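# Breakdown of the fold
Chain residues, written in single-letter form:
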Amino acid sequence: MTAFSRIVLPTIITAAYAATVVYDFNVSWVAASPDGLAKRQVIGINKQWPPPRIDAQVGDRLIVNLLNSLGDQDTSLHFHGLFMNGSTHMDGSPMVTQCPIPPGATFTYNFTIDQPGTYWYHSHTQGQYPDGLRGPLIIHDPKTPFQYDEELVLTVSDWYHEPMSVLQPRFMSKYNPTGAEPIPNSALMNDTQNLTIPMIPERTYSFRMANIGAFAGQYIWIEGHNMTIVEMDGVYVHPTETSMIYLSAGQRCSFLVKAKRETSRNFPMIASMDTTPFDTTPPSLNPNATSYLVYNNTAPLPTPSPLDSFTPLDDTHLHPRDNLGILPLPNQAITLNISMSNLASGANYAFFNNITYVAPLVPTLYTVLSSPNSSRSSSELTLSANPQIYGTYTHPYILPHNSIIQLVLNNLDTGRHPFHLHGHNFQVLHRSGPDEGPWSTSSNESSYNHKAPMRRDTLVVEPNGNAVLRFRADNPGVWLFHCHIEWHMISGLAVTFVEAPSILQRTLQAPEDHLSACKRRGKGNDIPVEGNAAGRGQSSDADPKEWLVLDGQPSPPGELHSGFSRRGGVVALAISCLTGLLGVVMVGWYGFSEPAAVENEKKESGEDGSESGVYSEKSKSVGGNNGAEAAPASGKKKLDVAASGRLTVMIRRGTEAVESEAVSFGSEEEAVNAEVRREKGMDVNAITRA
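None of the values given here were measured: they were computed from a predicted structure. Residue numbers run consecutively from 1 along every chain, following the written order of its sequence. Per-residue local features are limited, in this predicted model, to residues with pLDDT of at least 70; the limit for side-chain atom pairs, both in listing and counting, is 80 or more; totals at the level of whole chains, interfaces and linings are taken over all residues. With hydrogens and water stripped out, all remaining heavy atoms of the structure feed into the side-chain values.

Pairing of aromatic side chains requires ring centres within 6.5 Å, counting the rings of Phe and Tyr and the six-membered ring of Trp. Pairs whose planes differ by under 30 degrees are stacked, by over 60 edge-to-face, and all others tilted. Summed over all chains, the structure comprises 22 aromatic pairs. Where tyrosine 160 meets tryptophan 487, the ring centres are 5.7 Å apart and the plane angle is 85°; that geometry is what we call edge-to-face. With tyrosine 160 in the loop between β10 (150-159) and α2 (164-171) and tryptophan 487 in helix α4 (residues 486-490), this residue pair connects regions lying 327 residues apart in the sequence. For the pair shown, tyrosine 160 and tryptophan 487 are each scored as buried. A connected cluster of aromatic rings, assembled from ring pairs, spans Phe352, Tyr397, Phe419, Phe471, Phe481 and Phe497. Every helix listed is a DSSP run of H or I at least four residues long, and every strand listed is a run of E at least two residues long, numbered separately from the N terminus. With a 1.4 Å probe rolled over the protein chains alone, any residue whose accessible area is under 20% of its type maximum counts as buried; one over 50% counts as exposed, and the rest are partly exposed.

Let us look at the environment of leucine 247. Structurally, leucine 247 is set in strand β17 (residues 245-247). Considering only alpha carbons, one finds leucine 247 and alanine 210, 37 residues apart in sequence, at a separation of 7.6 Å. Residue contacts are defined here by distance: any two heavy atoms, one from each residue, within 4.5 Å place the two residues in contact. For leucine 247, the contacting residues outside a window of four places in its chain are Met209, Asn211, Gly217, Gln218, Ile220, Arg252 and Cys253.

The 6 strands are arranged β11-β10-β13-β18-β15-β16 in an open sheet whose pairing can be described as mixed. Strands at the two margins of the open sheet, each flanked by one partner only, are β11 (186-189) and β16 (235-242). Looking at each pair of strands side by side, their axes are set apart by 20° on average, direction ignored. Bridge count for β10 against strand β13 (residues 204-211) is 7 bridges, and the pairing is parallel. Paired with valine 156 across the two strands is asparagine 211, which belongs to β13. For two strands to be treated as a pair, DSSP must find at least two bridges joining them. Axes, fitted as lines to C-alpha atoms, cover a helix only where it is in contact. Angles between the N-to-C directions of the axes lie from 0 to 180 degrees.

If you walk across this open sheet you meet the 5 strands as β23-β31-β30-β25-β28, and the pairing is mixed. A single partner strand is all that each edge strand has here, and the edge strands are β23 (396-399) and β28 (458-461). The mean inter-strand angle of the sheet, taken between neighbouring strand axes irrespective of direction, is 20°. Examined bridge by bridge, strand β25 (residues 417-421) and β28 share 4 bridges and lie antiparallel to one another. Bridge assignment links proline 418 to a residue of β28, and that residue is valine 460.

Whenever a carboxyl oxygen of Asp or Glu lies within 4 Å of a side-chain nitrogen of Lys or Arg, that contact is scored as a salt bridge. Across all of its chains, the model carries 18 salt bridges by this definition. Beyond isolated ion pairs, a larger network of salt bridges with shared partners links Asp233, Arg252, Asp314, Asp315, Arg431, Arg456 and Asp457.

The term disulfide is used for any two cysteine sulfur atoms that are within 2.5 Å. Tallied over the entire structure, the rule returns 1 disulfide. Covalent S-S linkage joins cysteine 99 and cysteine 518, the inter-sulfur distance amounting to 2.0 Å. On the sign convention where negative is left-handed, the bridge of cysteine 99 and cysteine 518, at about 100° about the S-S bond, is right-handed. Remark: cysteine 518 occurs in helix α6 (residues 512-519) and cysteine 99 occurs in the loop between β6 (78-80) and β7 (106-112); sequence separation between them is 419 residues. Of the residues examined, cysteine 518 reaches a relative accessible area of 0% and is grouped as buried.

It is worth spelling out the nonpolar core at this point. In summary, soluble globular proteins display a tendency toward joint burial of nonpolar side chains. One finds Phe207, Phe255, Met269, Phe481 and Phe497 to be the most contacted residues of the largest nonpolar core, which totals 74 residues. Excluding residues within four positions of it along the chain, phenylalanine 481 makes contact with Leu336, Phe352, Leu407, Leu409, Phe419, His420, Leu421, Leu469, Leu493, Ala494, Val495 and Phe497. By nonpolar core is meant a set of buried Ala, Val, Leu, Ile, Met, Phe, Trp, Tyr and Cys residues that side-chain atoms within 4.5 Å join together. Judged by nonpolar contacts, the second largest core, of 30 residues, contains Val27, Leu70, Leu137 and Ile139.

Checked against the element boundaries, threonine 97 lands in the loop between β6 and β7. With relative accessibility at 0%, the residue threonine 97 sits in the buried group.

We now examine unusual backbone geometry. A cis amide bond links tryptophan 49 with the next residue in sequence, proline 50, at an omega value of 5°. Its place among the elements puts proline 50 in the loop between β3 (40-45) and β4 (54-57). Residue methionine 95 is not a glycine yet carries a positive backbone phi of 65°. Relative to the assigned elements, methionine 95 resides in the loop between β6 and β7.

On to the confidence of the model for the protein chain, then. Model confidence for the protein chain is summarised by a mean pLDDT of 83, while 77% of its residues fall at 70 or above. The pLDDT value tells you how sure the predictor is about a given residue, anywhere from 0 up to 100. Note on residues 7-15: pLDDT under 50 across the span, and 14 contacts to partners over four residues away in sequence or across chains. Within the model, the stretch residues 582-690 combines pLDDT values under 50 with 136 contacts to residues more than four positions away or in other chains.

So, about α6. All buried positions along α6 are accounted for by His514, Leu515, Ala517 and Cys518. Projected down its long axis, α6 carries its buried residues within an arc of 145°, all on one side. Turning to α6, the residues buried within the fold contact β7 and α3 (364-370). Summarising the geometry, the arc corresponds to the directions from the helix axis toward the C-beta atoms.

This part takes up the environment of glutamine 332. With respect to the helices, strands and loops of the structure, glutamine 332 is situated in strand β21 (residues 332-342). Measuring from C-alpha to C-alpha, the distance between glutamine 332 and leucine 399 comes to 8.0 Å, with 67 residues separating the pair along the chain. Not counting chain neighbours up to four residues away, the residues in contact with glutamine 332 comprise Ile398, Leu399, Pro400, Ile404, Ile405 and Gln406. Among the polar contacts made by the side chain of glutamine 332, one reaches the main-chain carbonyl oxygen of isoleucine 398 at a distance of 3.3 Å. We call two N or O atoms a polar contact when they sit within 3.5 Å, provided that within protein one can donate a hydrogen and the other can accept it, with sequence-adjacent residues counted only if both atoms are side-chain atoms.

The subject of this paragraph is the pairing of strand β19 (residues 267-273). Look at any regular strand and the pattern is simple: side chains alternate between the two faces of the sheet. Where burial is concerned, most of β19 is hidden: 7 out of the 7 residues are buried. Of the two faces of β19, the one carrying Phe267, Met269, Ala271 and Met273 and the one carrying Pro268, Ile270 and Ser272 are both buried. Here strand β14 (residues 218-222) pairs with β19 via 5 bridges, running antiparallel. Bridging across to β19, isoleucine 220 finds its partner in alanine 271. Sheet topology note: the β19/strand β20 (residues 288-294) ladder contains 6 bridges and is antiparallel.

Next comes the structure, spelled out in C-alpha cells:
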C-alpha cells in the first residue's frame, strides 16, 4: 500500500500578494516501476520520479529553468490549460512556438499566471510524455468561492511497460495498417496503485484530479460517497452533485467530498480505464486503479463492487459560476472533419479535412515574427496574415484579433476523441451522442446550449458524432488544436491557429535562450528561426514573393493507390505473414530433417533426433517451465507460441531485415505480467466489472 502524501505548501501560496515562484528542473532518465510489475527507464526530474507538483498562486510569476540531461532526446514543457496571455512563446509546443530543447541545453519558461484552477505540465515533444515527463500544476486562488477543510491532489493515468522509442515505430508502421493504438499495461492513481488516503470524520475535502495519461479516458467514483463538482478545466462551475465522473486524457476537475461521521469501515475509490477505444483487451489487463479512503486503520480495505454499467455526469450540463452567456454570432466558422486513413507508407494517419499535420522547417511563431510586412497599413493584410507562408501541413487558420470563432467538429471516426485547444477555453454549444453523424448546417440554434454554456479547454467528441464550440480570439499567439490521445497527435490530428499575427510582430521578441535551442545541434542540423514553413525568405533582402514558395516544405507520405483499403491491408498482411510462416516452417523442416535411413537408424538406437522447424527468438521464462502464452487479438485465430519464445517473422527488403511480431501489441508482456501477479499471490480479476 502507498500512503497519500500531504504536501505542505510554501507560504507564498497562502499569501495575499504576487510572488515569483522558481523551479529548477534537471530532466534525465531514472528507473521506476509504478505498478510493481516491470521496472523500466522513465523520464524524471532532478533524479526523481514521479516528477514534482508545481504550485503557484493567481498573479504569481512562474519561472521554470529546464536543463535537458536526457542525452539522447530533445524535450520541452507545455503547461496544459494555461492561456499564456501575452506569452505564446512560453506555450512549450516544439516547432509551433519554440524549437525542441536539445540534449545539454538549458531553456527558461517565464510567465505570469492569471487563472486559478487544476492544470498539468508535460512534454510536447515526439510523443514523449508517456515515458513519464508529466505532473500536476495547481494554481491556488486566495478568493476561492468554495469552502473546504483540506485539499488533495490526485492524478490518473495509463501506463506502458515499453518506452515510446519502441512503441512509436511499431504504431506508425505498415505492419499496423488499422492504426491500432498500443494497449496500456496498467492504470495508475498518483503514479502508483493501492493508494491509501486518511480521512478525518466530517471534514470537507477538495479533490483536484487530472488525467495525465496518453490514451485511456477514466471513469472515477468513490463507493459510499457522492462528489460535488466545482471546477472543470480551470473554470468554476455551479456545484453539481454526481456519483461518477469521466475524465479523458488532458481533462481536469475539482470536486468536494464530505467525510462520513461513522468510522467503522473504509471505502474504495476507483479509476477505471475506458476500454472501448482498445482494439483488443488482453485478459491479463486490470483496467482499474483502486485507492482507499481510510477511516479506520484496523478495518479491511474492501474489494470494489462490480458495476453493471458506467453512468458518469454529462459535463455539457454544467454551467460556469460566472454565468457568461453564449458568445455573439461568429465572425469566422471553421468546420473540421475527423478521419483516419492510410498513406503510401502503409501506416495509418489521422486527418482534419484530409490534411495530416506535419511540423514545418521553421517554428510557426518564428515565421510570424520574421515575415516582412508587405503593407504600410496597420491592418492584418500583410504576409503574416497569409496562411500560405505557414505551410500546407501545419494546417493553419488565421484568426483576426477579438473575432468570434466557431468550430464545428464532425467525427467521422468510430472512436472517441478528446480535443484540446491551446491558449483558450471554449464554450460547448452542442455535443451530439454517438452515431448521430455530422452537424447539419440547416439546423438552427435552438439545439445550442444557450444558458451559460459550459466552458473548458478539452472536450470529448463521441464516435460518429459532432460538436459545436465557440470562443473569442482575444489572445494573440500561435495555438495548436489537437486530439489529446497521444497516438493521434503522433499520427497528425492537429491544426494551427495563428491569432492576430500583426500584433505578435509588434509586441513579441523571442528570448535569446529560446533561439539558442535552435542552434545547438551540431553542424548542418541547426533549425532556422526565420523564413516560411519551407525555410525560404530568410535573407533580409529576399523578395517577399519568396515567402509564398513552399518547395521543400515537410510533407506526409503520398496517397495510397485508390484500390487500397485498411481491411485489404490487414488481409494482405495476414496472407503475407502466413505465407512467410509456411515458408520458414518448410525451410526449417527441410534443413533439420535427415534422410530416412539415418532417421530409422536413430529410431532403432533409441535416439529422438526431432527438432522444431519454427524460427523463434528466446524470451523471458516465467515460473520455470510454464511459458506465458500470448493472448490472441480479437477476431483473430489464436497463434501457438512456444514456451521458450514468441513467434516472429523475418521480412527481408533488400539488405535490410525487419522483425515483425506475429502477435498483438504487448501480448507477450501482458501474459508475463499476469504470471508475475500470480507469483505474487495477486488476483488479476480481483476488481471486475459485471
